[in-house]
Amino acid sequence: MPTLKDRGFLHPLASEITPQAAYLRRRELLQGLGLAGAAALLPAAGPALAQRAAPPLPPLPGARSTVPGAIATDKLTDFKDASTYNNFYEFGLDKDDPAKHAHTLKTRPWTVAIEGAVKKPGLLDIEAVLKLAPMEERIYRLRCVEGWSMVIPWVGFSLAELIRRVEPTGNAKFVEFVTLADRAQMPGLRSSVLDWPYVEGLRMDEAMHPLTLLAFGMYGQVLPNQNGAPLRLVVPWKYGFKSGKSLVKIRFVEQQPKSSWEKAAPQEYGFFSNVNPQVDHPRWSQATERRIGEDGLFAKKRPTLLFNGYEPQVGQLYAGMDLRRFF
Ligand SMILES: Nc1nc2c(c(=O)[nH]1)N[C@H]1C(S)=C(S)[C@@H](COP(=O)(O)O)O[C@H]1N2
Ligand SMILES: [Mo]
């Protein structure tokens, strides 16, 4: 386990600071008592107060990842922003819809189907998936194709850990990710903006890259439903939409899969969707981004980086490829 000293001037790991939910609840309760200003001076609320609050998310600690590039040194986005400013169209199109509506998502029991070109297909129970490898904390920048970004401490392990266990055959050239589509739990499915279920895909070498994360938690706790509980993908060098939430199926296939976004607007969303400031979206520039939390009137936009700043780790995957053509 890393010590505080190893970390130098990095911000603390989420698992070592007061969980945000507990902090917010405490502040709320103190505000109710007219004690807001004293909040920082007081110890955690006792059991009597805690009982009246909504149940907190269970803790899910992870050891600081040693995967190269896994610990961004940017300032973390507040948990409040990361869990209330979301894209999860199955729960509505507005940024605050997922936080408002995703409480209806039932994350247990939960299974993930492994299909296609593997020696060990079948249904994996979420409890078994959680035990496949030790949990790591990774701090990733997430860049949405809409032009904003966040910095989030995820908890999970490399997708490669799961892929190795199911033993892909030589025919597995791509991986397709299918996420939950249940009308009873997801009010957004009534809209036909996308072809449900939400489907995304990666090339096999992208899926096996150690930075490609299967995430179960963030900020030292299990994922809030609106962030893709009980498990989601996080591919930090690609636009956020490649990172499917609430996964129910992983298929190993020979042909390049068609993602929901490609089906919806093929001229706007390519299969690769690598973050690239030089390849604009047909309707807007991708040269800069707005970091959530820095959005005051005079806040400067940040320049967007090739592969979202992960070029040293992933650039080789695309050597010789025309990134304008394969956008
Ligand atoms: N199933 C599903 N996964 C999804 C989406 C979605 O609408 N449905 N939105 C994507 C988009 S556009 C982004 S930017 C990220 C946002 O993840 P976050 O809300 O946890 O920051 O989730 C991605 N995964
Ligand atoms: Mo996005």
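Keep in mind that what you see is a predicted model, and the values were worked out from it rather than measured. (Residues numbered from 1 in each chain as written. Chains lettered and ligands numbered in written order. Predicted model: local features only at pLDDT ≥ 70, side-chain atom pairs only at ≥ 80, totals over all residues. Heavy atoms only, no water.)

Draft legend 1. A look at the pairing of strand β4 (residues 136-143). Burial analysis of β4 places 8 of its 8 residues in the buried class, which makes it a mostly covered element. Of the two faces of β4, the one lined by E136, R138, Y140 and L142 and the one lined by E137, I139, R141 and R143 are each fully buried. Judged from the 8 bridges that link them, β4 and strand β5 (residues 148-158) form a sheet pairing that is antiparallel. Residue pairing across strands places R143 opposite S149, the latter belonging to β5. (Buried < 20%, exposed > 50% of the residue type's maximum accessible area, 1.4 Å probe, protein only. Helix = DSSP H or I, 4+ residues; strand = E, 2+ residues; numbered from the N terminus. Pairing = 2+ DSSP bridges.)

Draft legend 2. Here's a closer look at the side chain of Q226. In this structure, Q226 sits in the loop between β9 (221-222) and β10 (232-234). Taking the relative accessible area as the measure of exposure, Q226 reaches 13% and is therefore buried. Looking at Q226, its side chain comes within polar contact range of the main-chain oxygen of S83, at 2.8 Å. Apart from the residues lying within four places of it in its own chain, the contact partners of Q226 are S83, N86, F88, P98, A99, A102 and K245. (Polar contact = N/O pair within 3.5 Å; in protein donor to acceptor, adjacent residues only side chain to side chain. Contact = heavy atoms within 4.5 Å.)

Draft legend 3. View of the confidence of the model for the protein chain. When pLDDT is averaged across the protein chain, the result is 88; 83% of the residues are at 70 or more. This model gives residues 1-47 a pLDDT under 50, and the stretch forms 49 contacts once residues within four places in sequence are excluded. (pLDDT = per-residue confidence, 0-100.)

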